[in-house]
Amino acid sequence: MWPSEQKGLTFPSPPACSSGRRPDTLGPMQSNDSSASQATATSSSETEHETTTLVILGASGDLTSRLLLPGLGTLLKAEPERRIRLVGAGREELSHDDWQQLVRRTLSVGGCTDERIEQIVEAARYTQGDILGEEGSSWLRDQIEGRTVIYFALPPAITLKACEALADRPLPANVTLALEKPFGADLESARHLNRVLASMAREEQIFRVDHFLGRGTVLNLLGLRFANRIFEPVWNTDNIESIEVVFDEDLALEGRAAYYDNAGAMVDMLQSHLLLVLAMVAMEQPAKLDAVDFRDLQAHLLRSTHLWSADATESSRRARYTAGEIDGRAVPSYVDEEGVDPERGTETLAEVKVRIDNSRWANVPITLRSGKAIGEPKYRVVVHFKRVAHLPELFGDDVVPHNALTLDIKPGRIEMLVTTNGAGHRFQLEHTVLEADLPDSPVRPYGEILAGILDENPLLGVRSDVAEECWRIVTPVVEAWRAGEVPMDEYPAGSTGPEHWEQLL
Ligand SMILES: O=P(O)(O)OC[C@H]1O[C@@H](O)[C@H](O)[C@@H](O)[C@@H]1O
């Protein structure tokens, strides 16, 4: 129940000052020079911020304590002038003290100072209740005070219902809605959700969260591509043989069956994150790094992206982990994990081959892959370059194959495979690896995303048409999988995938 005394909570009034927003562009590119990321934080922290009410729906859930609040902690550490009032709501019964302790503990994971944490803890409120009822949406409207962000840290089906309940009238212009992925459960429901959102708010008030876009390493793709003469002119089908975007995790289900068993690797990762990473790898050069250009070009790229072949058996593979061991830790078979319904046929490893139908990328195969419980985790983009012409005539048939550029998404690292004369041989070639670590941003991905949301800067948010394009691309595969047209392979947890799958990379 929504306690009546919680209605119309009063908060200290916001200080009369400028909003102190970050600029509406990406700011300095991430580079090996860590002063670049510092510069953004410093310039922003020198200005004062209007108080924002951050209402988190699903405040007692895993996402809030594991990612959202620690991310906010890193942001507050980098930009301590930000003023936030935290209002949590969830189904769990949390006492005021429990909530305050949760906020204290999770913000400090992010490295925020004790004094700053205590200011936020002091004003933090929690309400237990069901957001779907009429009472819930009227409570929610009561929380709107000054600049307000409503963050739906909820499963997609609940988010949709909560939005429908809220959509009886438009929201005030000072409200931003932040939504966790996946946006909808398929193309049709994503379109429906977008229509519901559009009926109550302008697109600029809606921030669809893909925290991969808050990763400095992913944003680095733009710097790497557009600021390097050695890459920019060769970034096309004439020079590039194939591309891989891989996110193979050693994490297994980690108790997330209620969500994951309905999503699977395809929706959880490929549809929600990796297609957006691909957009960064392959989009055209923006005129400016602002929300309009950036998101127009994401949409443009994704509209040209299709499955490699209409036949899902040629364009996709799927598999599920069986019992195994990762780093000495026994992992049960996916189907034996608590909360999993084996009848649902959820995959834990998904691979899809796509093509981009434009002249820059004609005939370049692109593989997107993500798996859980993989023994050798890999989080990376690999660009394989074509061989230089006439090499066999010069060096014989056994020449080393090709150049490759690898960008590790976490931890940040780049690796370039170049071909050089082998040690002690005059004309025998071998690979030499040039590598460099990329500095980690002090602000976690969720912190970067929250900065955009709090500042009403949609640059790193997923626009409605972009979200729909991601669904459009994977839909034929999802349908073919559901119809059982593509076999479900198996791999032991801790392995690199099904034995008979030829290895990528
Ligand atoms: O590496 P990060 O930031 O935890 O991102 C990976 C995670 O991203 C989440 O969006 C997925 O739901 C998880 O399954 C995945 O593990």
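Everything quoted here is computed from the prediction, not taken from an experiment.

Draft legend 1. Main features of the overall build of the chain. A tally of regular secondary structure across the chain gives 14 helices and 18 strands. Across the chain, the fraction of contacts at a sequence separation of at least 24, relative to all contacts at a separation of at least 6, is 79%. For the chain, the accessible area works out to roughly 21,700 Å², and carbon and sulfur atoms hold 49% of it.

Draft legend 2. Structural view of the pattern of salt bridges. With the rule as written, the count across this model stands at 26 salt bridges. Note that D465 is salt-bridged to R463, the shortest N-O span being 2.9 Å. With relative accessibility at 16%, the residue R463 sits in the buried group. A cluster of three or more residues bridged by salt bridges with shared partners is formed by R380, D408, R413, E415 and E435.

Draft legend 3. Main features of helix α7 (residues 187–200). Under the 1.5 Å per step criterion, the end-to-end length of α7 is 21 Å for 14 residues, consistent within 8% with the ideal 20 Å. Of all the residues in α7, the buried ones are L187, S189, A190, L193, N194, V196, L197 and M200.

Draft legend 4. Focus on the side chain of T348. Structurally, T348 can be placed in the loop between β11 (329–331) and β12 (349–356). A distance of 2.8 Å separates the side chain of T348 from the side chain of Y491, its partner in a polar contact. If near-sequence neighbours (up to four positions away) are discounted, T348 is found in contact with Y260, A265, A319, R320, Y321, Y334, S370, G371, K372 and Y491.

Reading the values: rules and limits
- Residues numbered from 1 in each chain as written.
- Predicted model: local features only at pLDDT ≥ 70, side-chain atom pairs only at ≥ 80, totals over all residues.
- Heavy atoms only, no water.
- Helix = DSSP H or I, 4+ residues; strand = E, 2+ residues; numbered from the N terminus.
- Contact = heavy atoms within 4.5 Å.
- Areas by Shrake-Rupley, 256 points an atom, 1.4 Å probe, with all protein chains shown as cover.
- Salt bridge = Lys/Arg side-chain N within 4 Å of Asp/Glu carboxyl O.
- Buried < 20%, exposed > 50% of the residue type's maximum accessible area, 1.4 Å probe, protein only.
- Expected span 1.5 Å × (residues − 1).
- Polar contact = N/O pair within 3.5 Å; in protein donor to acceptor, adjacent residues only side chain to side chain.

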